[in-house]
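Coordinate inspection notes
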Amino acid sequence: MYKAILADKDTWWVGVNDYETDLFESLWPLPQGVAYNAYLVLGSTAAAAIDTVKGPYLDEYINKLTEALGGRTLNYLVVNHMEPDHAGLISQLRAKWPGLKFIGNAKTVPMLKGYHGIEENIIAMKDGDTLDLGGHVLRFATVPMLHWPESMVTFDTTTGVLFSNDSFGGFGAHEGGIFDDQKNPARWEDEMLRYYACIVAKYSNIVQAALKKLGGLPITKIFPSHGTLFREDVKKVISLYDKWSKFEGEKGAVVVYGSMYGNTRRMAEAVCTGLAEAGVKDIRLYDASRTDPSYILRDIWKFRAFALLSCTYNTQLYPSMEAICSKLLNRMPKNKLVGVAGSYSWSKGALTALQDYAAKSKLEVVGPAVEVYASPTDEDLKQCCELGVNLGEALA
Ligand code: FEO
């Protein structure tokens, strides 16, 4: 996106695409890149930027911002979030516009000092406080932990645009259009859910509280800090967030395995066979060593059942399965069915560790819990198939 885009009345998108960062937060792969959406609202008496972008994109961001300002000065920077993918250029904006005032909240104040050495010209807003730009009145609401403690959203009471910060964001750079009505939903929904599962999911209960808090606002459009801008079907995107944060999975199952020589993989395939026999059509089979965890988390969030199978490695879980269990325990998905199975050669360990995970997860566990010595026999595979059937029937 090479220029500023008029996104709504007096409201400009001045964001950037990032195709160079391989891993978001140095953790999550970005095969389709990522967009940092930043905005400018031009009131008749004042101009306010809403967030900046990541540091390396200084020139592109300043060029777009300057173009959109059309010769006017920048009066305010609304800091919805201090994470450096949005706050990366705060110091540079202050250098360019020395009179710039920073709009945040009580928790933004120490972060502005800590990250940028800024202690002056800060206005700390409380929930419901407003800023009049002349023809555009911005109203602020804190949404702590979505995704940092200081996170807030900004609502333009004139246009009905909610600048929603990380909430409603998604991975993936803009490819041509920036709006939902310019894109095939199939292109953004999966990446939005992967973003949710990786970045937001841990705070799902807070998402529910935030949806209630913002529910009274007459929101007509949602402009997040990453990914697609929603102006055509705001209800759809709110209902997706409602569904994901309430852990309402679709009828389907994810089968994840860790296997060194294919024996545990054969067990996982037998679980899939059982699922299919029970009539489950959406089945995702993943090798935990070869599929990035972000895709596995995404699909565990998408569907209502999952199975974890691991070989034993040094008396414990296979490392790639250990990583999956750890990430699941960090996020604690609810309302799902889980089945487990393990294999071993000279000493057991994997099944016990998976059962330990299942107990900690507080999810409904579906049996049988299958344990296989060495290579699975026909009887072992039948048991794995039975696990799949039981999971599938429990989904019905
Ligand atoms: Fe996109 Fe939490 O920063």
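Predicted model only: the values in this text are computed from it and were never measured.

**Things to note about the overall build of the protein**
Looking only at helices and strands, one finds 12 helices and 23 strands in the protein. Scaling as 2.2 N^0.38, a compact globule of 396 residues should have a C-alpha radius of gyration of about 21 Å, and the protein matches this with 24 Å. Considered along the principal axes of its C-alpha atoms, the protein spans approximately 75 × 40 × 35 Å. Contacts spanning at least 24 positions in sequence make up 72% of the contacts within the protein whose residues lie at least 6 apart. In the structure as shown, the protein presents an accessible area of about 15900 Å², 51% of it carried by carbon and sulfur atoms.

**Re the state of the cysteines**
Applying the stated rule across the entire model yields 0 disulfides. Cys 311 forms no disulfide, and the closest cysteine sulfur to it belongs to Cys 325, at a distance of 12 Å. For Cys 311, a relative accessible area of 6% corresponds to the buried category.

**Here's the deal with the packing of helix H9 (residues 293-302) against helix H10 (residues 319-331)**
It is at 11 Å that the axes of H9 and H10 come closest, and there the two elements cross at 50 degrees. Regarding the angle of H9 to H10, the classification is oblique. Where H9 crosses over H10, the two elements pack in a sense that is right-handed. Counted together, Pro 293, Ile 296, Leu 297, Ile 300 and Trp 301 of H9 and Ile 324, Lys 327, Leu 328 and Arg 331 of H10 form the full contact between these two elements. Residues that form the contact of H9 with H10 fall into these classes: 7 nonpolar, no polar and 2 charged.

**A short note on the pairing of strand S21 (residues 337-344)**
Of all 8 residues in S21, 8 are buried, a share of seventy percent or more. Burial of S21 is two-sided: the residues Leu 337, Gly 339, Ala 341 and Ser 343 facing one way and the residues Val 338, Val 340, Gly 342 and Tyr 344 facing the other way are all buried. One ladder, built from 7 bridges, connects strand S19 (residues 303-313) with S21; its direction is parallel. Bridged to Leu 309 within S21 is Ala 341. Sheet analysis places S21 next to strand S22 (residues 364-365), joined by 2 bridges and oriented parallel.

**Concerning the packing of aromatic side chains**
Applying the stated rule across the entire model yields 18 aromatic pairs. The interplanar angle of 75 degrees and the centroid separation of 5.1 Å between the aromatic rings of Phe 171 and Tyr 195 together place this pair among those described as edge-to-face. Of this pair, Phe 171 sits in the loop between strand S15 (161-165) and helix H5 (185-200) while Tyr 195 sits in helix H5, and the two are 24 residues apart along the sequence. Its relative accessible area of 4% is what places Phe 171 among the buried residues. Residue class for Tyr 195 comes out buried when judged on its relative accessible area of 0%. The residue whose ring lies beneath Lys 96 is Trp 97, and the NZ or CZ to ring-centre distance is 5.3 Å. Positioned above the aromatic ring of Phe 179, the side-chain terminus of Arg 231 is 3.6 Å from the ring centre.

**Thoughts on the sheet that holds strand S12 (residues 130-132)**
In spatial order, the strands read S12-S13-S14-S15-S16; together these 5 strands make up an open sheet with mixed pairing. A strand with exactly one partner marks an edge of an open sheet, and here the two such strands are S12 and strand S16 (221-224). Averaged over all pairs of adjacent strands, the angle between their axes in this sheet comes to 20 degrees, without regard to strand direction. Relative to S15, strand S14 (residues 152-156) is paired through 3 bridges, and the arrangement is antiparallel. The residue bridging Phe 155 from the neighbouring strand is Leu 162, located in S15.

**A few points about the environment of Glu 371**
On the secondary structure map, Glu 371 appears in strand S23 (residues 370-373). On the accessibility criterion, Glu 371 (27% relative accessible area) is partly exposed. With 29 residues separating them in the primary sequence, Glu 371 and Gly 342 have C-alpha atoms 4.9 Å apart. Only 3.2 Å separates the side chain of Glu 371 from the side chain of Lys 348, close enough to count as a polar contact.

**Thoughts on helix H8 (residues 263-277)**
A rise of 1.5 Å per residue sets the reference length of H8, with its 15 residues, at 21 Å; its end C-alpha atoms lie 21 Å apart and thus fit the reference within 8%. All of the buried residues along H8 are Thr 264, Met 267, Ala 268, Ala 270, Val 271, Cys 272, Gly 274 and Leu 275. Gly 279 occupies a position one or two residues after H8 and carries a positive phi of about 95 degrees.

**A closer look at the domain arrangement of the protein**
Parsing the protein into structural domains produces domain 1 (5-245) and domain 2 (253-395). Here the C-alpha centre of domain 2 lies 38 Å away from the C-alpha centre of domain 1. Domain 1 puts 14 residues into the contact, and the matching count from domain 2 is 10 residues. Taken over both partners, the interface formed by domain 1 and domain 2 buries close to 1100 Å², and the fraction arising from carbon and sulfur atoms is 62%. Here domain 1 is connected to domain 2 by 0 salt bridges. Summed over the shared surface of domain 1 and domain 2, the number is 5 residue pairs in polar contact (both at pLDDT 80 or more). At the level of secondary structure, the elements contributing two or more residues to the side of domain 1 that touches domain 2 comprise strand S5 (28-29) and H5. The residue makeup of the side of domain 1 that touches domain 2, split by class, is 10 nonpolar, 1 polar and 3 charged.

The rules behind the values
- Residues numbered from 1 in each chain as written.
- Predicted model: local features only at pLDDT ≥ 70, side-chain atom pairs only at ≥ 80, totals over all residues.
- Heavy atoms only, no water.
- Helix = DSSP H or I, 4+ residues; strand = E, 2+ residues; numbered from the N terminus.
- Rg over C-alpha atoms; globule rule 2.2 N^0.38 Å.
- Contact = heavy atoms within 4.5 Å.
- Areas by Shrake-Rupley, 256 points an atom, 1.4 Å probe, with all protein chains shown as cover.
- Disulfide = S-S within 2.5 Å.
- Buried < 20%, exposed > 50% of the residue type's maximum accessible area, 1.4 Å probe, protein only.
- Axes fitted to C-alpha atoms, helices over the stretch in contact; angles between N-to-C directions.
- Parallel < 35°, antiparallel > 145°, perpendicular 65-115°, else oblique.
- Left-handed = near helix turned anticlockwise from the far one by under 90°.
- Nonpolar A, V, L, I, M, F, W, Y, C, P; charged D, E, K, R; others polar.
- Pairing = 2+ DSSP bridges.
- Phe/Tyr/Trp six-rings, centres within 6.5 Å; stacked < 30°, edge-to-face > 60°.
- Lys NZ or Arg CZ within 6 Å of the ring centre and 35° of its normal.
- Polar contact = N/O pair within 3.5 Å; in protein donor to acceptor, adjacent residues only side chain to side chain.
- Expected span 1.5 Å × (residues − 1).
- Domains from an automatic or database assignment.
- Buried area = accessible area lost by both parts, 1.4 Å probe.
- Salt bridge = Lys/Arg side-chain N within 4 Å of Asp/Glu carboxyl O.

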